[in-house]
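The residues making up each chain are set out below.
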Amino acid sequence: MTTVEKLKKILVEDLNLQELSPGDIDENAPLFGEGLGLDSLDAVELIVIIQKRFGIEIQNLDEGKAAFQSVHTLASYIEGRLSGG
Amino acid sequence: MSGTARIVLEGIGVVGGFGCGIADLSRALAEGNDRPGTLSLSTGSGPIEFPAFRADTSRLKEFVPARTLRRIDHFSKLALLGSHLALADAGLAETEHERLGLIIASGYGATGITYAFLKSFINDGDICASPTYFANSVHNSAAAHISIVLGARGPSLTVSQFDLSVPSALTSVRQWLLEGRVDRVLFGAVEELSELIGYAWYRQRGAPRMPMTPLWTGKETAIPAEGAAFFLFSRTEEARAGYCTLETAVTGSPANAGFPLPGDGLLLLGADGRRETGRRYAVLAENARIACYTPLYGSMPAGPAFDLASAALIIKEGRIFPSPGDASLDFPATIPAGGEPAGADRISCLTLAGDKAYGLTTLGKLPGTTGECARED
């Protein structure tokens, strides 16, 4: 399973997006506001989920802001951190 | 309060083991349907299953979009469903709720989500504890969810006093309305039968057995339950459609203050098959005219709210429902047969807690009604 696929599954299951299936999520759509429609509490939850599932702690707010643009940017960020970037 | 002002019960919303909505409760009362579902648990000695009254919140999607519900736990869903049903029953679902107060009573609170939060804290550490679980574990969270969804801007309060949560909260309902602090109060009692509560019940009391016979007070026959019962109260000096009036709500200790039992009115007992309070009900209700409907909704700290809903239905319909298991009575009292006229203008609901404390809530017939209340809808 690719990181993008994993992330879509995690978003649906852990954020309880009952009306969506992972296949419904456009990996380039914005996570917040228009697009997936997540909010600030989801952002906090997502930080915790990424630490729990991938062992990655997001401490730099600017880095986090860039990573949280879409599923695609988040997957790239995770892959970069996992490969030591 | 002036001489003519009264507190009127305008709408009721209930969900429990008997079904969903006041029509389902009325049907269960008339038919004496006391069949619980089951609760399945994993224990150290393997899986177990025993009778329990479970509540289904699937009708909530009629009132609230699925997206709004995604972060809301079972306890708050029960509360949300009860509150929407009560407003719909009063014909006020679409009304502005600017001066609506909200009071919730619960003996245990949101145990499912609270322990899920603690589990995430223990398993993943404080850094990775779920913020959503934490938000839902805060004691007033169900009231907050209801206020947000309804757009209610009045004060909100959650009262937890175990078995006396309902009568204690009702004293605040009266106070808020008498002070004119709000125009209406949405009051509800909620209990969730989480895996934790089920397990604690099993460890303390063993697996319950059918049937529940609370009037056989020397015997343990309680069956655990969950559900929500909500009520819309308003203060008015005019004629207003509704079920009945809220006459009094008191809590106290009979040993210290005497016991204000109603004269010839019906006394609705909150006896729920637990042996520790059963004998006290028998002593206090000796020779009274009684009814008891707990076998229809089970044993839970929120149970007195279902007694209240049952009493309101008796007043509205002008007839008494049969008490399930009325043949199993081990103390002298009169149990009216099903269909018998309600008789007096008042019904009192008695709740006992611990060794000494009691709660007594009295409902009365709306002035100008002959038993069945006129409803606008």
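Residues numbered from 1 in each chain as written. Chains lettered and ligands numbered in written order. Predicted model: local features only at pLDDT ≥ 70, side-chain atom pairs only at ≥ 80, totals over all residues. Heavy atoms only, no water.

1. Overview of the overall build of chain B
Item 1. For chain B, the helix and strand inventory stands at twelve helices and 13 strands.
Item 2. Taking 2.2 N^0.38 as the reference for a compact globule, 377 residues should give roughly 21 Å; the C-alpha atoms of chain B span a radius of gyration of 20 Å, in line with that estimate.
Item 3. Here the C-alpha coordinates of chain B stretch approximately 60 × 50 × 40 Å along the principal axes.
Item 4. Buried positions account for 57% of the 377 residues belonging to chain B.
Item 5. Counting only contacts in chain B whose residues sit at least 6 apart along the sequence, the fraction spanning at least 24 positions is 77%. (Helix = DSSP H or I, 4+ residues; strand = E, 2+ residues; numbered from the N terminus. Rg over C-alpha atoms; globule rule 2.2 N^0.38 Å. Buried < 20%, exposed > 50% of the residue type's maximum accessible area, 1.4 Å probe, protein only. Contact = heavy atoms within 4.5 Å.)

2. Comments concerning the interface of chain B and chain A
Item 1. Facing twelve residues of chain B, the contacting portion of chain A comprises 16 residues.
Item 2. Each partner contributes to the roughly 1300 Å² buried at the junction of chain B and chain A, and carbon and sulfur atoms together form 45% of this total.
Item 3. On the chain B side of the interface with chain A, the three residues burying the most area are Arg67(B), Arg70(B) and Arg71(B), jointly 47% of the side's total.
Item 4. If you look at where chain B meets chain A, you find five salt bridges.
Item 5. The salt bridge involving Arg71(B) is made with Asp39(A); its shortest N-O contact spans 2.6 Å.
Item 6. Inspection of the region where chain B meets chain A yields ten residue pairs in polar contact (both at pLDDT 80 or more).
Item 7. Those elements that provide at least two residues to the side of chain B that touches chain A are α2 (66-69) and α5 (131-137) of chain B. (Buried area = accessible area lost by both parts, 1.4 Å probe. Salt bridge = Lys/Arg side-chain N within 4 Å of Asp/Glu carboxyl O. Polar contact = N/O pair within 3.5 Å; in protein donor to acceptor, adjacent residues only side chain to side chain.)

3. Digging into the packing of helix α1 (residues 22-31) of chain B against helix α12 (residues 303-317) of chain B
All names here are of chain B.
Item 1. The interhelical angle for the contact between α1 and α12, taken along N-to-C directions, is 80°, at an axis separation of 11 Å. Accordingly, the angle class assigned to the pair α1 and α12 is roughly perpendicular. Contacts between α1 and α12 involve Ile22, Leu25, Ser26 and Leu29 from the former and Ala309, Ser310, Leu313 and Glu317 from the latter.
Item 2. Of the residues contributing to the contact of α1 with α12, the split by class is five nonpolar, two polar and one charged. (Axes fitted to C-alpha atoms, helices over the stretch in contact; angles between N-to-C directions. Parallel < 35°, antiparallel > 145°, perpendicular 65-115°, else oblique. Nonpolar A, V, L, I, M, F, W, Y, C, P; charged D, E, K, R; others polar.)

4. Describing the pattern of salt bridges
Item 1. Applying the stated criterion across every chain yields a total of 23 salt bridges over all chains.
Item 2. Between Glu19(A) and Arg67(B) there is a salt bridge, with the nearest N and O atoms lying 2.9 Å from each other. One end of the pair, Glu19(A), is in the loop between α1 (3-14) and α2 (40-54); the other, Arg67(B), is in helix α2, on a second chain.
Item 3. Assessed through its relative accessible area of 28%, Arg67(B) is described here as partly exposed.

5. Some points on the confidence of the model for chain B
Item 1. On average, residues of chain B score 90 in pLDDT, and 94% of them reach the 70 mark or higher.
Item 2. Across residues 370-377 of chain B, where pLDDT falls below 50, the model places 25 contacts with residues more than four positions away in sequence or in other chains. (pLDDT = per-residue confidence, 0-100.)

6. Describing a nonpolar patch on the surface
Residue and element names in this part refer to chain B.
Item 1. Taken together, the side chains of Tyr115, Leu118, Phe121, Ile122 and Leu196 make up a nonpolar region of the molecular surface, amounting to roughly 480 Å² of accessible area.
Item 2. Counting residues per element, the nonpolar patch draws most heavily on helix α4 (residues 111-124), which supplies four residues.
Item 3. The residue Leu196 is located in helix α8 (residues 195-205) in this model. (Patch = residues over 30% accessible without salt bridge, like charges linked within 9 Å, V, L, I, M, F, W, Y side chains within 5 Å. Areas by Shrake-Rupley, 256 points an atom, 1.4 Å probe, with all protein chains shown as cover.)

7. Observations concerning the packing of helix α3 (residues 74-89) of chain B against helix α6 (residues 141-150) of chain B
Residues and elements named next belong to chain B.
Item 1. The N-to-C vectors of α3 and α6 enclose an angle of 45°; their axes lie 9 Å apart at closest approach. As the angle between them shows, α3 and α6 are arranged oblique. Handedness of the α3/α6 crossing: right-handed. Where α3 approaches α6, its residues Phe75, Ser76, Ala79, Leu80, Ser83, His84 and Leu87 are matched on the opposing element by Ser141, Ala142, His145, Ile146, Val149 and Leu150.
Item 2. A breakdown of the residues in the contact of α3 with α6 according to their chemical character gives eight nonpolar, five polar and no charged. (Left-handed = near helix turned anticlockwise from the far one by under 90°.)

8. Focus on α12(B)
Item 1. The end-to-end C-alpha distance of α12(B) is 21 Å, a good match for the 21 Å that 15 residues give at a rise of 1.5 Å each.
Item 2. Looking one or two residues beyond α12(B), the residue adopting positive phi is Gly318(B), at roughly 75°. (Expected span 1.5 Å × (residues − 1).)

9. Observations regarding the nonpolar core
The nonpolar side chains of soluble globular proteins are, as a tendency, buried together.
Residue and element names in this part refer to chain B.
Item 1. Among the nonpolar cores identified, the biggest contains 56 residues, and Phe187, Phe231, Phe233 and Tyr293 are the most heavily contacted of them.
Item 2. In terms of residue count, α12 provides more of this core than any other element does, nine residues in total.
Item 3. Each residue touching Tyr293, except ones within four places of it in the same chain, is listed here: Leu29, Leu268, Ser310, Ile314, Ile320, Phe321, Pro322, Ser323 and Pro324.
Item 4. In terms of nonpolar packing, the next biggest core, distinct from the first, is built from 32 residues, Cys20, Ala90, Ile113 and Leu232 among them. (Core = buried A, V, L, I, M, F, W, Y, C linked by side-chain atoms within 4.5 Å.)

10. Concerning unusual backbone geometry
What you tend to see is this: most non-glycine residues have negative phi, and most peptide bonds are trans.
All names here are of chain B.
Item 1. Of note, the amide linkage connecting Met210 to Pro211 takes the cis form, showing an omega dihedral of -10°.
Item 2. Relative to the elements of secondary structure, Pro211 occurs in the loop between α8 and β8 (227-236).
Item 3. The backbone phi angle of Phe162 is positive, close to 45°, even though this residue is not glycine.
Item 4. Summarising the element assignment, Phe162 is placed in the loop between β6 (156-159) and α7 (165-179).
Item 5. For Phe162, a relative accessible area of 36% puts it in the partly exposed group.

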